[in-house]
Amino acid sequence: MSRLWSTLLKCHLALILGFLYVPIAVMIVMAFNRSPLYELPVVWDTVWFQHLVSNDRLIDASVNSVVLALVNMIVATMLGTMAAFAFARYEFRGRSLLQLLLFPPITIPWLIIGTSMLVLFFWIGIGRGFHALLLGHVALSLPYVIIVVGARLKGFGPAYEEAAATLGATPWQSFWRVTVPLMAPGMVAAALFAFAVSFDQFVISYFLAPPGRTTLPVEIYSAIRKGFTPEVNAISTIIILVSMGLMLLFARFYKFGGER
Amino acid sequence: MSVVEIDRVEKRYDSVRALAGVSLTFADGEFFGLLGPSGSGKTTLLRAIAGFVEPDSGEIRLDGRDIGHTPVHRREIGMVFQNYALFPHMSVHENIAFGLSVRGERGAAADKRVSEMLALVRLAGFERRQPRQLSGGQQQRVALARALVTRPKLLLLDEPLGALDKRLRQQMQIELKQIQREVGITTVFVTHDQEEALTLSDRVAIFNEGNVVQAGKPLEVYERPATAFAANFLGDANFFEGRVEAPGRVATELGALLTNDALPAIGEPATIAVRPEKISLLPLSAPSRGESNKLQGRLTQAVYSGMSTTYKIKLGDRELTVFEQNRGEPAFAAGEAVRLEWSPAHSVVVKP
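Residues numbered from 1 in each chain as written. Chains lettered and ligands numbered in written order. Predicted model: local features only at pLDDT ≥ 70, side-chain atom pairs only at ≥ 80, totals over all residues.

### What to know about helix α1 (residues 2-31) of chain A
All names here are of chain A. Between its terminal C-alpha atoms α1 stretches 42 Å, which fits the 44 Å expected from 30 residues at 1.5 Å a residue. Taken as a whole, α1 carries its principal kink of about 40° at Y21; the proline P23 stands between one and four residues after it. Within α1, only 1 of the 30 residues are buried, which leaves it mostly out in the open. (Helix = DSSP H or I, 4+ residues; strand = E, 2+ residues; numbered from the N terminus. Expected span 1.5 Å × (residues − 1). Bend = angle between axes of the 7 residues up to and from the residue. Buried ≥ 20, exposed ≤ 12 C-beta atoms within 10 Å, placed from the backbone.)

Pasting the structure below:
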C-alpha cells in the first residue's frame, strides 16, 4: 500500500515538473532544430541564432529591454530601499495605511494597470515613450523591492543603528556604514526582482511603448502575430536562460539574507 | 569625569506614565544601578539619558548642561546594549575603531587606541576576529571596549550581563567593576537581577511604576528598605501588619513585635518587614538566644539548596520564610514545632 502510494506521489511530482518544463524544453529543442516547420527528427543546428543576429528589430528590442530593466532596477531599488527604511525605522502618520497600499498593485491585473497608466500619461501629457515605460515599470517593481528590503530590515532591528549613534555616528554615517551593509543581501535580491519584473513585463510595455521602439516581449508578440518563426524560439531560449539565472541568483541571495 | 542630574523627568506613552517625574543624581565616577521589574521605567530612563527617548518634561543635565534635546550622536556617551549589537559585518578591530573613524580619527593613533582598549578588556590579539567567532563573554568585552574607546563622559549599560550564563556572569561582574574603576567613568546600568544590582552598584535606585521607590547604597537599601515593595523586590521579606501599641512596639495578629525603628503615633497602623536570614530557627527544647522577638510555629517545608536551606513555617494562617546557613547543624524536618527569634534591630518599619 505504502509503495503504491509512494509511486503515485512520484507520478504526481513528475506530472507537475512535466507541465512546468516540457513546453520550455520543446521550445529550446526547436530553437536548435533546423526545420522551420518543427519536423522530426531534430536536426541539430544553430541557424536560428544566426538569423537572430541579423534581425535588427529583435536585437533593438532586446537592447531596449535590457537598458530599461537596468535603469528600472537602479531607480526602483533606490526608491524602494528608502521607502522600506522609512517604514521599518520611523514612526509617522499613515504608516500602516501606506504599507497596506503596497499590496493591491501586486494583485490588480496588469491589463488594468496598463490601461490606467496609458490614460493617465496621455491626460497629463507625457504620452508614451521610454520615460513612460520607466515610470510604469518602477511603479510596478516598487512594492516588491519594499517588501523584500523591508523583510531584511525587520530581521535585524534598530539596535545596530542605535549603537552607531551612541558611538558618535551621524544618521547619514550610520545609514551608509551600518544599515546599508547589513541590508545589502536584501537590496541585491530586490534589485534582481526589479530587473526580472521589468524584463519579463509585456502588458504594460505593450501599452506604454512608443511605436517603432518596443521591448523584447512586445516585439516577440508582434513577430508571432505576423507568422511564427523559429527565431522567436531562439530569442526566447536566451530570455529563459537569463531569467532563470536571475531567479537562481535571487534565491541564492535571499537565502543568504535569511541566514545572517 | 562627569555628574549627571535627572531632574523631574516625565515620559508618557498614551495613558501610561513610564517616568512619573524621576529625580536622581549620579555622582562623578559612580557605578549606579537602576533596578526594577519590567515596565517600571528603568529602561525608559536609561534610553532617555542615551537620547533614544525624549522626555515630555524635566531636564537631564550632564555636568550642568541640559542634554535633553541633544541628538544621540553628540551626547558623548558610551552604551553597551543588551545583546551587544556588535556590527556583524565588521571585525573586532573595526567594531572598536568605529567610534574613532566616524570622528575622522584613523591611522596609527587610532590603531594604538584600539589595542589599548583590547588590552583593557583582556582581549589583546583578537583584532581580526569576527563577532560571530566570539563567545558571549568575549562579545560583551568587545562591546565594552567599543563603548569606551571614544572616552565618553558617561557609560550606559542595558542589562549588560543578562545574556550570559550564571558562572560567567559572576566573573564578568567582577571584571566589569574592575574596568569601571580603572577608567573611572560614571556608569549607569539597568538590571532586573537584584544580586547583580547589589554586587555592581555603588548606589542603586529601585523603580516601580515610573517612580523611584528608594535610592541609596546597596547595604542601606537592603538592610533598611523604605517600602514593602523595596523590601520584596530587593531580596525576600516577611511582613507583619499591626497597630502601634507603644513606642517600639507593634501589636500584630501574632502578638506584639519589637522594633528599634521610629514608629508612627500610637494607634496608627504599621508594617514591619523582617529578612528571612535574620530570623533564627530553634527547636522548642533549645534554650532561647535571648532575642526579644519570639514566635512559635510548625515547619511545613524545607528546601535544601546546598549552602542554605529555605524553611516555610506556618503560624496560624500565616506562612513565614526563613533561610538558614548550612553550618552542618542537623536540619529541621517538616512537621516539627519550632521557635523563631530575631532582634528588634532587624524589624524594619516599612511603608505599605
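Back to the text.
### Brief notes about the packing of helix α3 (residues 56-89) of chain A against helix α7 (residues 130-156) of chain A
Residues and elements named next belong to chain A. The interhelical angle for the contact between α3 and α7, taken along N-to-C directions, is 40°, at an axis separation of 6 Å. Compared by their axis directions, α3 and α7 come out oblique. Pair α3 / α7 crosses with right-handed handedness. Among the residues forming the contact of α3 with α7, the class breakdown is 19 nonpolar, 7 polar and 1 charged. (Axes fitted to C-alpha atoms, helices over the stretch in contact; angles between N-to-C directions. Parallel < 35°, antiparallel > 145°, perpendicular 65-115°, else oblique. Left-handed = near helix turned anticlockwise from the far one by under 90°. Nonpolar A, V, L, I, M, F, W, Y, C, P; charged D, E, K, R; others polar.)

### Things to note about the interface of chain A and chain B
Across the boundary between the two partners, chain A contributes 15 residues, which contact 19 residues of chain B. Elements with a contribution of two residues or more to the side of chain A that touches chain B: α8 (159-166) and α9 (171-199) of chain A. For the side of chain A that touches chain B, the leading source of residues is α8 of chain A, giving 6 residues. Looking at the side of chain A that touches chain B, its residues break down into 9 nonpolar, 4 polar and 2 charged. (Contact = placed C-beta atoms within 7 Å.)

### Quick word on the sheet that holds strand β8 (residues 186-191) of chain B
Residues and elements named next belong to chain B. With respect to topology, 6 strands assemble into an open sheet ordered β6-β7-β8-β3-β9-β10, the strand pairing being mixed. Since the sheet does not close on itself, it has two edges, and those belong to β6 (77-80) and β10 (211-216), each with one partner. Geometrically, the sheet is characterised by an average inter-axis angle of 20° between neighbouring strands, direction not taken into account. (Pairing = 2+ DSSP bridges.)

### Regarding the pairing of strand β11 (residues 238-246) of chain B
Residue and element names in this part refer to chain B. Relative to strand β14 (residues 269-274), β11 runs antiparallel, the two sharing 6 bridges. If you follow E241 over to β14, its bridge partner there is T271. In this structure, β11 lies alongside strand β12 (residues 249-252), joined through 4 bridges in antiparallel fashion. Note that in β12 the partner of A246 across the bridge is R249. Where β11 folds back onto β12 in an antiparallel hairpin, the turn is made up of 2 residues, including G248, whose phi is positive at roughly 80°.

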